[in-house]
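An overview of the molecular structure
Given next are the chains, with one letter for each unit.
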Amino acid sequence: MDIYVVGVGMTPFGKFPQLRVKDLTEMAVNAALLDAGCDKNIIQAAFFANTTQGVLEDQVFVPGPIALTSMGFSIIPMLTVENACSSGSTAFWEAINYLLTGQADVTLAVGAEKMNVDNREKSLSIFEGGWDIEVAGESLKTMIALGEGLEVPEGTTSPKSYSRFMDVYAGFARYHMKHYGLTQRQIAAVCSKNHKHSIHNPRSYFRKDYSIEDVLNSNPITYPLTLPMCAPVTDGGAAAILCTGAALDKYGFDRNRAIKIYSCELNGGRLGVPYDVTETSVTAMCAKKAYEKAGVGPEDMDVAEVHDATAVGEITVSEAIGLCPIGEGGACAERGETSIGGRIPINTSGGLESKGHPIGATGLGQIFELVSQLRGECAERQVENARFAVAENGGGLIGTEPAIMVVTVLGKA
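Residues numbered from 1 in each chain as written. Predicted model: local features only at pLDDT ≥ 70, side-chain atom pairs only at ≥ 80, totals over all residues. Heavy atoms only, no water.

Details of the overall build of the protein chain
The line we're drawing: Strands here are runs of E lasting at least two residues and helices are runs of H or I lasting at least four, both read from the DSSP assignment and numbered beginning at the N terminus. Our radius of gyration looks at C-alpha atoms and nothing else; its globule reference is 2.2 Å times the residue count to the power 0.38. Each residue is placed in one exposure class: buried if its accessible area under a 1.4 Å probe, protein chains only, is under 20% of its type's maximum, exposed if it is over 50%, and partly exposed if it falls in between. Note on contacts: a residue pair is in contact if any heavy atoms of the two residues lie within 4.5 Å. The positive count covers Lys and Arg only, the negative count covers Asp and Glu only, and His and the chain ends enter neither. A charge is said to be at NZ when it belongs to Lys, at CZ for Arg, at CG for Asp and at CD for Glu.
Helix and strand counts for the protein chain come out as 15 helices and 11 strands. Against the globule reference of 22 Å for 413 residues, the protein chain gives a C-alpha radius of gyration of 20 Å, in line with a compact fold. Along the three orthogonal principal directions, the C-alpha set of the protein chain runs to about 60 × 45 × 40 Å. Looking at the protein chain as a whole, 61% of its 413 residues are labelled buried. The contacts of the protein chain with a sequence gap of at least 6 include a subset with a gap of at least 24, amounting to 77%. On the protein chain, the mean spot of the 33 positive side-chain charges and the mean spot of the 48 negative ones are 3 Å from each other.

Next comes the structure, spelled out in structure tokens:
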């Protein structure tokens with residue numbers, strides 16, 4: 001059965017003290033409905049992604065049904081989805097699979113997050129739930145140890161509090177610096193490239209052009225990461241409306257703007273394996289499944305959105321999903337291959353470093369960008385003649401790997 005995306009919507013990502021989760025949900029869903037040219041009454045099931053409302057607002061139970069019924073949905077299946085940073089992509093995966101069961105022909109996936117609160121420490125505390133809290137200290141030591149033997153320059157650690165997951169990414173970065181020759185300058189090149197892309201994205205939180213030198217000279221977080229290399233804490237919402245092939249004509253959707261979902265694969269992580277950057281990593285294996293099911297390969301991709309909670313995340317993922325050879329992701333970015341106009345543009349939206357990372361909305365924000373690219377609707381950040389696109393969205397940690405990995409391949413019908 002063929003499945004299509006017929007509508008996408010996305011709020012700007014940023015800091016919106018006046019907006020609630022309900023507001024962000026309604027804004028994203030209404031934008032998707034408008035884009036699809038349909039009414040909410042044809043939606044037959046809805047999947048809602050959110051990760052922080054329980055911690056930050058004490059809305060521990062049923063945030064999805066609450067947000068959705070507040071804007072008029074009723075008497076349809078409604079599920080709340082939580083899978084850390086891959087929650088939005090998991091909601092998308094659920095919406096696809098519900099259609100495949102034959103129980104509906106139109107579904108909705110939406111993610112919304114209100115992460116900025118007055119208490120900074122409370123806001124940062126949400127990230128501590130992204131791994132097994134019983135062994136969090138041991139896990140952190142394991143990640144930091146990945147970079148042992150690489151000298152950390154003085155003055156390259158922030159005196160301010162920051163998420164311990166930045167130490168995890170720093171461990172990954174130092175590992176690649178030690179084993180593959182990755183340089184801090186190459187990481188900065190990825191960051192600079194993404195911020196340049198963001199200038200032309202009106203929904204991006206940051207829209208500032210950073211040179212490589214600007215990135216290197218910015219405030220440190222933890223070596224080799226500086227502030228512009230790291231995703232900001234943001235609020236936002238994103239949504240997608242999906243349907244079966246038979247529903248395209250049944251509901252009068254525009255076939256010329258419908259984007260086919262060639263595959264969407266979701267894998268869990270595993271314990272007891274060393275840090276792996278080869279074809280046996282959970283990311284690489286999930287991507288392989290997605291490409292095989294889609295009947296295409298990484299060489300066929302024209303544009304990609306990958307999970308760059310830090311710039312080094314883009315490097316490791318671009319290698320794992322086959323867009324760059326192992327160990328060469330940084331060099332590819334430095335040569336301009338991953339910029340718009342290059343061999344394989346990555347994070348044309350500006351990536352999470354620029355656009356922001358409202359956790360539950362992140363994966364659907366990627367879908368918004370890629371659907372827009374494949375339709376040719378991205379104006380000054382448009383990738384010419386884009387036919388196939390890939391999204392990678394990982395969530396949390398189990399051992400040394402993502403706890404959840406979702407890889408999606410989209411294309412023109």
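Here we look at the side chain of S354
Basically, it comes down to this: Any pair of nitrogen or oxygen atoms within 3.5 Å is treated as a polar contact; in protein, a donor-acceptor pairing is required on top of that, and neighbouring residues in sequence qualify only through side-chain atoms on both sides.
Note on placement: S354 falls in helix α14 (residues 351-355). For S354, the side chain forms a polar contact with the main-chain oxygen of G350, separated by 3.1 Å. In contact with S354, not counting residues within four places along its chain, are N194, H195, S198, S204, Y205 and F206.

Some words on the packing of aromatic side chains
What counts, and what does not: Ring pairs are drawn from Phe, Tyr and Trp, using the six-membered ring of Trp, whenever the two centres fall within 6.5 Å, and their geometry is named by plane angle: stacked under 30 degrees, edge-to-face over 60, tilted for the rest.
Summed over all chains, the structure comprises 8 aromatic pairs. Between F172 and Y275, the aromatic rings sit 4.9 Å apart at their centres with planes inclined by 5 degrees, giving stacked as the arrangement. With F172 in helix α7 (residues 165-180) and Y275 in the loop between β8 (259-268) and α11 (282-294), this pair connects stretches of sequence that are 103 residues apart. In this structure F172 comes out as buried when scored by relative accessible area, which is 11%. On the numbers, 5.3 Å between centres and 70 degrees between planes, the contact of Y262 with F388 is edge-to-face.

Brief notes about empty space enclosed by the protein
How we decide: A cavity, in this analysis, means grid points on a 1 Å lattice covering only the protein atoms where a 1.4 Å probe fits yet has no way out; a pocket is instead an open set bounded by protein on both sides within 12 Å along at least five of seven lines, and a residue lines either one if it has an atom within 4 Å of a point. Grid points are joined across faces, edges and corners, and a volume is the space filled by probe spheres set on the points. The residue classification treats Ala, Val, Leu, Ile, Met, Phe, Trp, Tyr, Cys and Pro as nonpolar and Asp, Glu, Lys and Arg as charged. All others, Gly included, are polar.
Across all of its chains, the model carries 1 cavity of 30 Å³ or more by this definition. The space that makes up the largest cavity amounts to roughly 30 Å³. Along the walls of the largest cavity sit V21, K22, Q53, Q59, P63, I66 and A67, which together make up its complete lining. In terms of residue count, helix α3 (residues 63-70) provides more of the lining of the largest cavity than any other element does, 3 residues in total. The residue inventory of the lining of the largest cavity, partitioned by class, reads 4 nonpolar, 2 polar and 1 charged.

So, a nonpolar patch on the surface
What counts here: Surface patches are defined over residues having more than 30% relative accessible area and no salt bridge, joining like charges when they lie within 9 Å and nonpolar side chains (Val, Leu, Ile, Met, Phe, Trp, Tyr) when within 5 Å. Computed with a 1.4 Å probe, the accessible areas rest on the Shrake-Rupley method; for each residue, only the protein chains presented here act as cover. By definition here, a salt bridge exists when the distance from a side-chain nitrogen of Lys or Arg to a carboxyl oxygen of Asp or Glu is within 4 Å.
Taken together, V60, F61 and V62 make up a surface patch of nonpolar side chains, about 330 Å² in accessible area. Within the secondary structure, V60 is located in the loop between α2 (53-57) and α3. Under the relative-accessibility criterion, V60 is labelled exposed at 55%.

Here we look at the sheet that holds strand β10 (residues 388-398)
Strand pairing in a sheet takes place through backbone hydrogen bonds and is either antiparallel or parallel in direction. What counts here: Pairing between two strands requires that DSSP report at least two bridges joining them. Here the axes come from fitting lines to C-alpha atoms, over the contacting stretch only for helices, and the angles between their N-to-C directions go from 0 to 180 degrees.
Read from one edge to the other, the open sheet built from 9 strands follows the order β3-β2-β4-β7-β1-β8-β11-β10-β9, with strand pairing classed as mixed. The sheet is open, and its two borders are formed by β3 (78-81) and β9 (303-305), each paired with just one other strand. Between one strand and the next, the sheet's axes are offset by a mean angle of 25 degrees, whatever the strand orientation. Sheet topology places β9 next to β10; 3 bridges connect them, and they run parallel. In the sheet register, A304 faces β10, and the bridge partner there is V390. On the sheet, helix α1 (residues 21-36) packs against β1 (3-10), β2 (46-49), β4 (106-113) and β7 (236-244) and is oriented at approximately 130 degrees with respect to β1. Packing against the sheet, α11 makes contact with β8, β10 and β11 (401-412), and its axis sits at approximately 150 degrees to β8.

Here we look at the side chain of H307
Considering the arrangement of structural elements, one finds H307 in the loop between β9 and α12 (311-320). Given a relative accessible area of 5%, H307 falls into the buried group. Among the polar contacts listed, one links the side chain of H307 to the side chain of N393, at a separation of 2.9 Å. Excluding its chain neighbours within four sequence positions, the residues that come into contact with H307 are C85, Y169, G313, E314, V317, L352, H357, T362, Q366, E392, N393 and G394.

Quick look at the packing of α7 against α12
Heads up, the condition is: Orientation is classified from the angle alone, with under 35 degrees giving roughly parallel, over 145 giving roughly antiparallel, 65 to 115 giving roughly perpendicular, and any other angle giving oblique. Note on convention: near helix rotated counterclockwise from far helix by under a right angle means a left-handed crossing. Clockwise means right-handed.
α12 packs onto α7 with a crossing angle of 60 degrees between their chain directions and a minimal axis gap of 9 Å. When the interaxial angle is binned, α7 and α12 end up oblique. Judged by the twist between their axes, the crossing of α7 over α12 is left-handed. Contacts from Y169, A173 and H176 of α7 reach α12 at V312, G313, T316 and E319. A breakdown of the residues in the contact of α7 with α12 according to their chemical character gives 3 nonpolar, 3 polar and 1 charged.

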